[in-house]
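Next come the chains, spelled out residue by residue.
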Amino acid sequence: MSGQVQTPDAMGAGVEELRPAVSPAWARWLLPAQRALLAIAALPVVLFLIAAIGRLRYPFPLEELEAPMLLAAERISHGLPLYVAPNFHFIPYMYAPGYYYASGWLVRWMGSGFLPLRLLSLLATCVSFALLYGMVLLEAPKADRQRPLLRHGAALAAAGAYAAAYPWTRWWYDLGRVDSFYLCLFLLAVFVTRLTMDRLPVVVAAVAWLFAFLAKQTILPVGIVALCYDWKRPRRLLLGAGSLLVLAGVSFLWLNHATEGWFHFYAFSVPRANADLVLRPAVFYWPSVILAPYGVPLGFILLAVLLTRPRWQDARTRFYALTAGSVLALCWFLQAHAGATANTAMPAYAMLSLLFGVSLVRLDAHFAARGLDAARVAMLAAAVLPLVSWVYQPHDIIPPQGLVDAHMRRVAWIRSFPGDVYVPEHPYEAIAAGKPWRPDAAALHDALAALPPGDRQALIRQIQRTIDDSDRMDAILLEQLPAAEQKRYPWLPADLQQRYPVLGMTPDADMGDPYSPHAIYFLLPCRELPLARQRGWILLQNGCAVGIFERNH
């Protein structure tokens, strides 16, 4: 008979370590399968790094909200306030200040442009990979520490599974936006909270969750739930969750006082005013957002729960169950809102990747204890599926030089106007041409929805007066025809086409930018008509002349 010992694993359940006579036919495949998993798990990480590094220096937005993030960072770098009353020069987005200040300091150090913001997101994503890797190693049963290749393969598979979800987020990980920075701080909080079970004071975990909250305020409920894992020790529970609530409350009061109430307006009033729930995304969230990319990892997680039976009495089991459950619920709730995009699921992908790696370790230990080498090899083969299912060509998502040249021609064209140029939807090209900063339409729309009626109308009148000043404004660039844009944006004056009667198409209007939409039409006042004719711009409507439609080549 084979000898056996009981070895406690990281989730509190005992793992039988048997020493049966193994089948040489399957045993000889174990080492190659483990090496293959290790190599293939690195593939999604390598593909991401190639794509992200190739996109770092692209001088135009990779996503339409990158430009407003850059404006906020530049304000921070120049010592200007972030949360100010909405105006026709600057309106921040509805986020906590952490990413704004981190990116602002990088802009001050590295200079203006998207490079500092994307570099911050790239570094944060790499730290997230490392945290996933480290947490799986931390949860490996002691028995598996005699099988380092499997442990490291499972840990790298967790990081690789998260990297493999990059296409499902619409290439979001390296964008100059808050999400990767916030996700990194979220995983750091999870890691620190896990360490408080062994060696760290629980207050340290509360501080880590505070940092995540200051990057994106929606994570606060997850932090509170995660810190309630140790309910069998009420004092510890109250110290952890209570510390987070106190720290978040003090931070909120201080920020709100320092900004004269505008932090509350942007971080809480604006999201609440724009919280339009939509049934379709809520219904299709699980099959299309979770099961489609993470069906195989979820199968591994379920199998590990059924076979290895983590004990609910163990604090680690409760912690991961509460954290994963609250994260999935939060992402589902956020995805149900109108305007939610693919970045919403990033925390859910990270948690599922972590549990996928832990499940690999636990299942391998379970099968090894029973001498089921065939099951171990089959498990390792199946674990490769989510790592190779979404392989892509990094070159396909790196903007080509031709697209850069097209944008540069448009910037030069905008620069040819001596006066102001207003671009409601995508103002960065005008900014690159040296024109005044203007808030983009999304930020302006969201802020107007949250303002009291009197303040809303006052801001709309102020904007309309600026646009109506055709002696100051040389051109207005629009994504759609003027009548359609006036229905979308109430701050555009009703007499827009009377004051700007020349309608035409912008240069390179058909350039097909897959990363950020761009203005297609322009409106000019009559005084700019000779310039348009002289330079051969495409004119669709000329309200200044008898001939209404003409095309100049």
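Let me sum up the structure you'll find in this document. (Residues numbered from 1 in each chain as written. Predicted model: local features only at pLDDT ≥ 70, side-chain atom pairs only at ≥ 80, totals over all residues. Heavy atoms only, no water.)

## Focus: the overall build of the chain
Counting secondary structure elements, the chain contains 22 helices and seven strands. By its C-alpha atoms, the chain is 100 × 50 × 45 Å across when sized along the principal axes. A total of 553 residues make up the chain; the buried ones form 56% of that total. Long-range contacts, defined as pairs at least 24 residues apart, comprise 72% of the intrachain contacts of the chain with a sequence gap of at least 6. About 22900 Å² of surface is accessible on the chain, with carbon and sulfur atoms providing 64% of the total. In the chain, 46 side chains carry a positive charge and 38 a negative one; their mean positions are 9 Å apart. (Helix = DSSP H or I, 4+ residues; strand = E, 2+ residues; numbered from the N terminus. Buried < 20%, exposed > 50% of the residue type's maximum accessible area, 1.4 Å probe, protein only. Contact = heavy atoms within 4.5 Å. Areas by Shrake-Rupley, 256 points an atom, 1.4 Å probe, with all protein chains shown as cover. Lys, Arg positive; Asp, Glu negative; His and termini not counted. Charge placed at Lys NZ, Arg CZ, Asp CG, Glu CD.)

## Section: the side chain of T344
You can see T344 is positioned in the loop between α12 (315-335) and α13 (346-369). A distance of 2.9 Å separates a polar atom in the side chain of T344 from the backbone oxygen of T341. Apart from the residues lying within four places of it in its own chain, the contact partners of T344 are C331, L334 and Q335. (Polar contact = N/O pair within 3.5 Å; in protein donor to acceptor, adjacent residues only side chain to side chain.)

## Focus: the side chain of T125
Mapped onto the elements, T125 comes out in helix α4 (residues 115-139). Residue classification places T125 among the buried positions, given a relative accessible area of 1%. Within the local environment of T125, its side chain forms a polar contact with the backbone oxygen of S121, the two atoms lying 2.8 Å apart. A polar contact of 3.4 Å, which involves the side chain of T125, links it to the side chain of S180. Not counting chain neighbours up to four residues away, the residues in contact with T125 comprise F48, Y173 and S180.

## Considerations on a nonpolar patch on the surface
On the surface, a nonpolar cluster with roughly 420 Å² of combined accessible area is contributed by L277, W286, W332 and F333. Along the chain, the position of F333 falls in helix α12. (Patch = residues over 30% accessible without salt bridge, like charges linked within 9 Å, V, L, I, M, F, W, Y side chains within 5 Å. Salt bridge = Lys/Arg side-chain N within 4 Å of Asp/Glu carboxyl O.)

## Thoughts on empty space enclosed by the protein
The tally for this structure, following the rule as stated, stands at five cavities of 30 Å³ or more. Approximately 120 Å³ is the volume attributed to the largest cavity. The wall of the largest cavity is formed by 15 residues, among which P61, H426, Y428, S516 and P517 lie closest to the centre. Per-class residue counts for the lining of the largest cavity are seven nonpolar, four polar and four charged. If you add up the space inside the second largest cavity, you get close to 80 Å³. Ranked by residue count, the leading element in the lining of the second largest cavity is helix α2 (residues 66-77), at four residues. (1 Å grid on protein atoms, 1.4 Å probe; cavity = no way out; pocket = protein on both sides within 12 Å on 5 of 7 lines; lining within 4 Å. Points joined across faces, edges and corners; volume = space filled by probe spheres on them. Nonpolar A, V, L, I, M, F, W, Y, C, P; charged D, E, K, R; others polar.)

## Quick look at the packing of α2 against helix α3 (residues 98-110)
It is the contact of α2 with α3, at a shortest axis distance of 7 Å, that shows an interaxial angle of 70°. Taken together, the axes of α2 and α3 are roughly perpendicular relative to one another. In terms of crossing hand, the pair formed by α2 and α3 is right-handed. Touching M69, A72, A73, E74, I76 and S77 of α2 are Y99, Y100, Y101, S103, G104, V107 and R108, all from α3. Residue classes in the contact of α2 with α3 are distributed as eight nonpolar, three polar and two charged. (Axes fitted to C-alpha atoms, helices over the stretch in contact; angles between N-to-C directions. Parallel < 35°, antiparallel > 145°, perpendicular 65-115°, else oblique. Left-handed = near helix turned anticlockwise from the far one by under 90°.)

Shape is all these values report; function is a separate question.
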